[in-house]
Amino acid sequence: MSAAAPVIALTGGIGSGKSTVADLLGRHGAVVIDTDAIAHELTAANQPGTRAIAHEFGAEYLDEQGRLDRKRMRELVFSDAAAKQRLESLLHPLIRSEVTSRIANCSGKSAVEVPYIVLVVPLLVETSAYRELARRVLVVDCDEELQVARVMRRSGLTPDAVRAIMANQVSRARRLEHADDVVRNDGDLAALESAVAALHEQYVRLRTDGR
Ligand code: ATP
């Protein structure tokens, strides 16, 4: 019986390329667990997160399909720090419990089925709730102006709005202090693909070498 699949926590600032790196590692065979995707699933119609929000904040925070009304909730938590705290204390335990159950589901599976697990946690450094689950921390790092440009292109937000989000995240330097591995995403996709391929080889060895 080989050792359990190592968990690699993947983090980075907004628009740094976390999803892109996770997708590339997934194509190499990694099992990807994405905390943002789980948060979305938990706030779909008839899901535990949605039920808890309706109970705590009222059914007016659900849309006509019974899903979380993200826009309305965003407006509330933007102007009300206590509401933000209440929302987080509802959702975070549900997300974490889903993460641990998905990791547990991987146990007993072979190194071919699960060479390693990539756990995407945008606010890994800020929250610290997931660090203990991970063998290594992988930081996706890119120039801050490139982050702004990529997020603007994708979302249509203004440069100031993107910088305001970045100002609420931990600084680039502080995030890098937590990194075991860094993947730079300043170049084109081909450059990123070859950096990710090298990381994949490194992570596969974590399990096969039994370290
Ligand atoms: P968020 O924090 O908002 O969830 P993220 O860190 O997951 O973002 P991605 O969604 O992977 O970042 O990338 C942000 C945008 O930049 C996407 O539209 C993606 O296609 C694009 N992108 C990422 N890396 C590159 C690259 N090397 N070259 C060109 N475009 C890129």
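Residues numbered from 1 in each chain as written. Predicted model: local features only at pLDDT ≥ 70, side-chain atom pairs only at ≥ 80, totals over all residues. Heavy atoms only, no water.

Caption draft 1: Focus on the packing of aromatic side chains. Tallied over the entire structure, the rule returns two aromatic pairs. Ring geometry for Phe57 versus Tyr61: centroids 6.0 Å apart, planes at 65°, classification edge-to-face. Of the two residues, Phe57 and Tyr61, both sit in the buried class. It is Arg72 that lies over the ring of Tyr61; its NZ or CZ is 5.1 Å from the centre. Above the plane of the ring of Tyr130 lies Arg96, whose end atom (NZ or CZ) is 5.9 Å from the centre. (Phe/Tyr/Trp six-rings, centres within 6.5 Å; stacked < 30°, edge-to-face > 60°. Buried < 20%, exposed > 50% of the residue type's maximum accessible area, 1.4 Å probe, protein only. Lys NZ or Arg CZ within 6 Å of the ring centre and 35° of its normal.)

Caption draft 2: Seen up close, the sheet that holds strand S2 (residues 31-34). On the basis of which strands lie adjacent, the open sheet formed by five strands has the order S2-S3-S1-S4-S5 and parallel pairing. In this open sheet, the two edge strands, each paired with only one partner strand, are S2 and strand S5 (181-184). The average angle at which neighbouring strand axes cross in this sheet is 25°, direction not considered. Where helix H5 (residues 81-106) meets the sheet, it contacts strand S1 (7-12), S2 and strand S3 (117-120), and its direction lies at approximately 170° from that of S2. (Pairing = 2+ DSSP bridges. Helix = DSSP H or I, 4+ residues; strand = E, 2+ residues; numbered from the N terminus. Axes fitted to C-alpha atoms, helices over the stretch in contact; angles between N-to-C directions. Contact = heavy atoms within 4.5 Å.)

Caption draft 3: The environment of Lys18, seen in detail. As for its placement among the helices and strands, Lys18 is situated in helix H1 (residues 18-28). Judged by its relative accessible area of 11%, Lys18 is buried. Not counting residues within four places of it along the chain, the set of residues in contact with Lys18 comprises Leu10, Thr11, Gly12, Gly13, Val120, Pro122 and Val140.

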